[in-house]
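Coordinate inspection notes
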Amino acid sequence: AQSVTQLDSQVPVFEEAPVELRCNYSSSVSVYLFWYVQYPNQGLQLLLKYLSGSTLVKGINGFEAEFNKSQTSFHLRKPSVHISDTAEYFCAVSPLRQGAQKLVFGQGTRLTINP
Amino acid sequence: NAGVTQTPKFRVLKTGQSMTLLCAQDMNHEYMYWYRQDPGMGLRLIHYSVGEGTTAKGEVPDGYNVSRLKKQNFLLGLESAAPSQTSVYFCASTAWAEVGDTQYFGPGTRLTVL
């Protein structure tokens, strides 16, 4: 079984400041890792994902994440945030195996950008 | 190309009433999923389907039934609604379920059970 822990439920930052949203996971098998974003009153959309290869993954809207296998972490970062980044961010994992992709989500981190 | 759509957007039920949520996708995706989202708990998988005519249980299936009679549609039913089923329900789909395929989500249905 897999579990995902997002270490911060809320993160307030000022506009143009850097931000890091933390995600740790637990799994007995290898997993793929994802970050999804949910803007107010919308569904989720993919920010980025790690499947294999380089541990630094770049996504949309200037976000990037780094996979650290030894620490079982997949933290999300952005060097300079904008008001439009206000949203809830979800980390998720999916085991590497055939069949349906059953995502396991973290609890979510609400990112609030203050002017 | 509408992507994934959900009907209705909002609904209020009384305890014991039944209802069906409809999810439709126009991307010819094989796999479809139903999740519920509760505050502080992220999204949890209710049921999923790996193709037309198939369904399977997810993490929290109790109190829900599903059907996939057509490839493009995935229905979620509540036979006897309970207050614990007050939640936001999201449908998602993927083309294939391999190699970390991206899930495409609908806009959600906000259900309140009184």
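Going by the structure above, here's the rest.
Residues numbered from 1 in each chain as written. Chains lettered and ligands numbered in written order. Predicted model: local features only at pLDDT ≥ 70, side-chain atom pairs only at ≥ 80, totals over all residues. Heavy atoms only, no water.

With that settled, the discussion passes to the state of the cysteines. Residue and element names in this part refer to chain A. Evaluation of the coordinates by the stated rule reveals 2 disulfides over all chains. Cysteine 23 shares a disulfide with cysteine 91; S-S distance 2.0 Å. Between cysteine 23 and cysteine 91, the S-S torsion sits near -65 degrees, and that sign places the bridge as left-handed. Here cysteine 23, found in strand S4 (residues 23-27), pairs with cysteine 91, found in strand S10 (residues 87-95); they are 68 residues apart in sequence, far enough to count as distant. (Disulfide = S-S within 2.5 Å. Helix = DSSP H or I, 4+ residues; strand = E, 2+ residues; numbered from the N terminus.)

Attention now goes to the side chain of glutamine 37 of chain B. Tracing the backbone through its elements, the reader meets glutamine 37 of chain B in strand S4 (residues 31-38). Residue class for glutamine 37 of chain B comes out buried when judged on its relative accessible area of 13%. A distance of 3.0 Å separates a polar atom in the side chain of glutamine 37 of chain B from a polar atom in the side chain of glutamine 38 of chain A. Apart from the residues within four sequence positions on either side, glutamine 37 of chain B is in contact with Gln38 and Phe90 of chain A together with Gly42, Leu43, Ser87, Val88 and Phe90 of chain B. (Buried < 20%, exposed > 50% of the residue type's maximum accessible area, 1.4 Å probe, protein only. Polar contact = N/O pair within 3.5 Å; in protein donor to acceptor, adjacent residues only side chain to side chain. Contact = heavy atoms within 4.5 Å.)

Relative to the assigned elements, aspartate 38 of chain B resides in strand S4. Excluding anything up to four places from it in sequence, aspartate 38 of chain B contacts Arg44, Thr86 and Ser87 of chain B.

For the rest of this paragraph, the subject is the pairing of strand S8 (residues 64-68) of chain A. Along a regular strand, successive side chains alternate from one face of the sheet to the other. Residues and elements named next belong to chain A. Only one face of S8 is buried: it carries Ala65 and Phe67, and the other face, with Glu64, Glu66 and Asn68, is open. Where strand S7 (residues 56-58) meets S8, 3 bridges bridge the pair, whose relative direction is antiparallel. Looking at the pairing, valine 57 lines up with alanine 65 of S8. What sits between S7 and S8 in their antiparallel hairpin is a turn of 5 residues, with asparagine 61 showing a positive phi close to 60 degrees. (Pairing = 2+ DSSP bridges.)

Take unusual backbone geometry next. In this model, threonine 7 of chain B is joined to proline 8 of chain B through a cis peptide bond whose omega is -5 degrees. Within the element layout of this structure, proline 8 of chain B appears in the loop between strand S1 (4-7) and strand S2 (10-13). The backbone phi angle of glutamate 16 of chain A is positive, close to 75 degrees, even though this residue is not glycine. Positionally, glutamate 16 of chain A belongs in the loop between strand S2 (10-14) and strand S3 (19-21).

Taken together, the contact between chain B and chain A spans 23 residues of the former and 21 residues of the latter. Summing the contributions of chain B and of chain A, the shared interface buries around 1700 Å²; its carbon and sulfur component is 54%. Three residues stand out in chain B for area buried against chain A, namely Leu43, Gly100 and Phe105 of chain B, and they jointly supply 26% of the buried area on that side. Between the two partners, chain B and chain A, sit 0 salt bridges. Counting every contact that joins chain B to chain A gives 3 residue pairs in polar contact (both at pLDDT 80 or more). Listing elements by their share of the side of chain B that touches chain A, those giving two or more residues are S4, strand S5 (42-49) and strand S9 (87-94) of chain B. When the residues that make up the side of chain B that touches chain A are grouped by side-chain class, the tally is 13 nonpolar, 8 polar and 2 charged. (Buried area = accessible area lost by both parts, 1.4 Å probe. Salt bridge = Lys/Arg side-chain N within 4 Å of Asp/Glu carboxyl O. Nonpolar A, V, L, I, M, F, W, Y, C, P; charged D, E, K, R; others polar.)

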